[in-house]
Amino acid sequence: MELLQQQDGRLLSTFRLAAVLPTVYQCYSTEDLAKVPLSPRPRVHGEGSNTVFIGPELPALCRYMASAKTLNWLDDDRAELHVEAGHNWHQLVQWTVSQGLWGLENLALIPGSVGAAPVQNIGAYGVELADRCRYVDFYHWDQQRLERMTVEQCRFGYRDSVFKREMAGRGVIVAVGLMLTRQPQRVLTYQGLDQLSADCSLQQVFDTVITVRQAKLPDPAELANCGSFFKNPLLPDADVKALQQRYTAMPVYSQGNGYSKVPAAWLIDQAGFKGKQVGDVGCYHKQPLVLVNYGQGQASDLLTLIAQIQHQVHSRFGVTLEPEVQLVGRQATTQTSVVS
Ligand code: EPU
């Protein structure tokens, strides 16, 4: 185990607000995890692509760094890929594509680690981690034991899982099992991929996802951001119908279960926030669902912008936007929920 102290928070969050992380435990095995002090419980952390540190008091972090992967063939077509939590997600997708294995290509270029992927059930272009996941290996702090959780036990939902809820703070995801195939399993329904031919190659899908993402999402290495900042609200169909009567241009994605998703980007756009800034924090001009830090952004600027967006969207549409990004710290000065 490596013990790091007084770490620069800008290196541990792709939103890069100034912050100091008092203690970071970097673990490479379950034996290392067993040595981590648990009082107070450290916060489990990946690459920080969905985490913003709102100082000044920040918790100790624990990072699981091991990143080995093994491929087990189940038959001529299907392979189960076991990969440790510290592996970078996009590099994994790139590797599966280089091996001719279908399954993860729509999830190309999603920032973050493999271990973080199940927590919010990452998803893009019609595919979610839940569709490809076979199991998650979870280390329980209390019993100091490893549990292999089935995909049912993970209770995946839209940007949601048991790891965000009941299991939060109870342990660490150490590995993920994914089901991949040699036979194509094309998902081309999503706008941007629908121009591809029905017999397109794996490489073509992968390349197209990258092109579509790069056209509207800022690269966190160049412009600090955490991807989509808010979840797309899920509303009862009746509420959506009422809204559509007033806003006929509002896009709606029916979920077929009495609920529909309304794009948060559209609501924020309509509320006039596209390109708006508070200090050095802003609403990205090409995709208003993404908040960005132009360099010198302060936590207070971000909290102000979040509160303004939530307030405007709520007063205009009666819809509450919930952050998808985790805000970590104690400076709970707005109505935004802040976890520590
Ligand atoms: N829109 C506007 N104005 C804009 C841009 C978009 O009104 O300037 C509206 C359009 O109506 C568009 C809709 O927003 O149809 C939806 O946009 P898009 O299809 O790009 O998807 P999204 O809802 O913004 C979600 C995920 C992304 C994922 C994309 C593609 C969430 C919170 N976000 O974004 O995930 O890449 O779909 O599948 O579910 C992330 O989680 O960090 C992330 C980037």
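Residues numbered from 1 in each chain as written. Predicted model: local features only at pLDDT ≥ 70, side-chain atom pairs only at ≥ 80, totals over all residues. Heavy atoms only, no water.

A. Seen up close, the packing of aromatic side chains. Scanning the entire structure with this criterion turns up 8 aromatic pairs. Between Tyr125 and Tyr190, the ring centres sit 5.2 Å apart and the planes meet at 85 degrees, which makes this aromatic pair edge-to-face. You can see Tyr125 sitting in the loop between strand 8 (123–124) and strand 9 (127–128) and its partner Tyr190 sitting in the loop between strand 12 (171–181) and helix 4 (202–216), a full 65 residues away along the chain. Classification of Tyr125 as buried rests on a relative accessible area of 7%. Ring geometry for Trp266 versus Phe317: centroids 5.8 Å apart, planes at 55 degrees, classification tilted. Of the two residues, Trp266 sits in helix 6 (residues 264–270) while Phe317 sits in helix 7 (residues 299–317), which places them 51 residues apart along the sequence. Neither residue differs from the other here; Trp266 and Phe317 are each classed as buried. Over the face of the ring belonging to Trp95 we find Lys69, whose NZ or CZ atom lies 4.9 Å from the ring centre. Stacked on the ring of Tyr158, the Lys or Arg Lys261 has its end atom at 3.6 Å from the ring centre. (Phe/Tyr/Trp six-rings, centres within 6.5 Å; stacked < 30°, edge-to-face > 60°. Helix = DSSP H or I, 4+ residues; strand = E, 2+ residues; numbered from the N terminus. Buried < 20%, exposed > 50% of the residue type's maximum accessible area, 1.4 Å probe, protein only. Lys NZ or Arg CZ within 6 Å of the ring centre and 35° of its normal.)

B. Local environment of the pattern of salt bridges. All told, the structure shown has 11 salt bridges when counted by the stated rule. Across the salt bridge formed by Asp142 and Arg41, the nearest N and O atoms sit 2.6 Å from each other. With Asp142 in the loop between strand 10 (133–140) and strand 11 (145–150) and Arg41 in the loop between helix 1 (30–34) and strand 3 (43–44), this residue pair connects regions lying 101 residues apart in the sequence. Given the relative accessible area of 58%, Asp142 is considered exposed. Across the pair Arg165 and Asp160 runs a salt bridge whose closest N-O atoms are separated by 2.8 Å. (Salt bridge = Lys/Arg side-chain N within 4 Å of Asp/Glu carboxyl O.)

C. Looking closely at the site of the ligand. Around the ligand lies a shell of 24 residues, among which Tyr125, Tyr158, Tyr190, Lys216 and Asn232 are the nearest. Between the ligand and Arg213, the relevant distance is 3.1 Å, taken from an oxygen atom to a side-chain nitrogen or oxygen of the residue. Contact between the ligand and Asp269: a nitrogen atom at 2.9 Å from a side-chain N or O atom of the residue. Burial of the ligand by the protein amounts to 84% of the accessible area it has alone, namely 830 Å². Ranked by the residues each element gives to the shell around the ligand, the list is headed by helix 6, at 3 residues. Two domains each put at least three residues into the shell around the ligand: domain 2 (69–212) and domain 3 (218–335). (Near = heavy atom within 4 Å. Polar contact = N/O pair within 3.5 Å; in protein donor to acceptor, adjacent residues only side chain to side chain. Areas by Shrake-Rupley, 256 points an atom, 1.4 Å probe, with all protein chains shown as cover. Domains from an automatic or database assignment.)

D. Spotlight on the sheet that holds strand 1 (residues 2–8). Strand order in the open sheet formed by 4 strands is 1-2-5-3, with mixed pairing between adjacent strands. Looking at which strands have only one partner, the edges of the open sheet turn out to be strand 1 and strand 3. Taken together, the 2 bridges between strand 3 and strand 5 (residues 61–64) define a ladder with parallel strand orientation. Bridging from a neighbouring strand, Val44 pairs with Cys62 of strand 5. (Pairing = 2+ DSSP bridges.)

E. Representation of the pairing of strand 19 (residues 290–293). A two-sided burial pattern is seen for strand 19, the buried positions comprising Val290 and Val292 on one face and Leu291 and Asn293 on the other. Note that strand 13 (residues 224–228) and strand 19 share 3 bridges and pair antiparallel. Paired with Asn225 across the bridge in strand 19 is Val292. Where strand 18 (residues 281–283) meets strand 19, 3 bridges bridge the pair, whose relative direction is antiparallel. Bridge pairing in strand 19 places Gly282 opposite Val292. Linking two consecutive strands that pair antiparallel, namely strand 18 and strand 19, is a turn of 6 residues.

F. Structural context of helix 7. The first and last C-alpha atoms of helix 7 sit 27 Å apart over 19 residues, in line with the 27 Å expected at 1.5 Å per residue. Among the residues of helix 7, Ala299, Asp301, Leu302, Leu303, Leu305, Ile306, Ala307, Ile309, Gln310, Val313 and Phe317 are the ones counted as buried. Looking one or two residues past helix 7, Gly318 carries a phi angle of roughly 70 degrees, positive in sign. (Expected span 1.5 Å × (residues − 1).)

G. Spotlight on the nonpolar core. In terms of nonpolar packing, the biggest core is built from 44 residues, with Trp89, Leu92, Leu129, Phe163 and Leu178 touching the most fellow members. Of all the secondary-structure elements, those providing two or more residues to this core are strand 7 (78–84), helix 2 (89–98), helix 3 (129–132), strand 10, strand 12 and helix 4. When residues of this core are assigned to their parent elements, the largest contribution, 6 residues, is made by helix 4. Every residue in contact with Leu178, bar those within four places of it in the chain, is listed here: Ala79, Glu80, Leu81, Val83, Trp89, Leu92, Leu104, Leu129, Arg132, Cys133 and Arg134. Counting 37 residues, the second largest nonpolar core, distinct from the first, contains Tyr247, Val281, Leu321 and Val325. (Core = buried A, V, L, I, M, F, W, Y, C linked by side-chain atoms within 4.5 Å. Contact = heavy atoms within 4.5 Å.)

H. Summary view of the domain arrangement of the chain. In terms of domains, the chain is made up of domain 1 (2–64), domain 2 (69–212) and domain 3 (218–335). Taken over C-alpha atoms, the centre of domain 2 sits 26 Å from the centre of domain 3. Of the residues lining the interface, 5 residues belong to domain 2; the matching set on domain 3 comes to 6 residues. In total, about 550 Å² of surface goes out of reach between domain 2 and domain 3, with carbon and sulfur atoms giving 49% of it. Area buried by domain 2 at its contact with domain 3 is led by Tyr158, Arg159 and Lys164, which between them contribute 76% of it. Along the contact surface separating domain 2 from domain 3 lie 1 salt bridge. For the interface between domain 2 and domain 3, the tally reads 2 residue pairs in polar contact (both at pLDDT 80 or more). Of the residues that constitute the side of domain 2 that touches domain 3, the class distribution is 2 nonpolar, 1 polar and 2 charged. (Buried area = accessible area lost by both parts, 1.4 Å probe. Nonpolar A, V, L, I, M, F, W, Y, C, P; charged D, E, K, R; others polar.)

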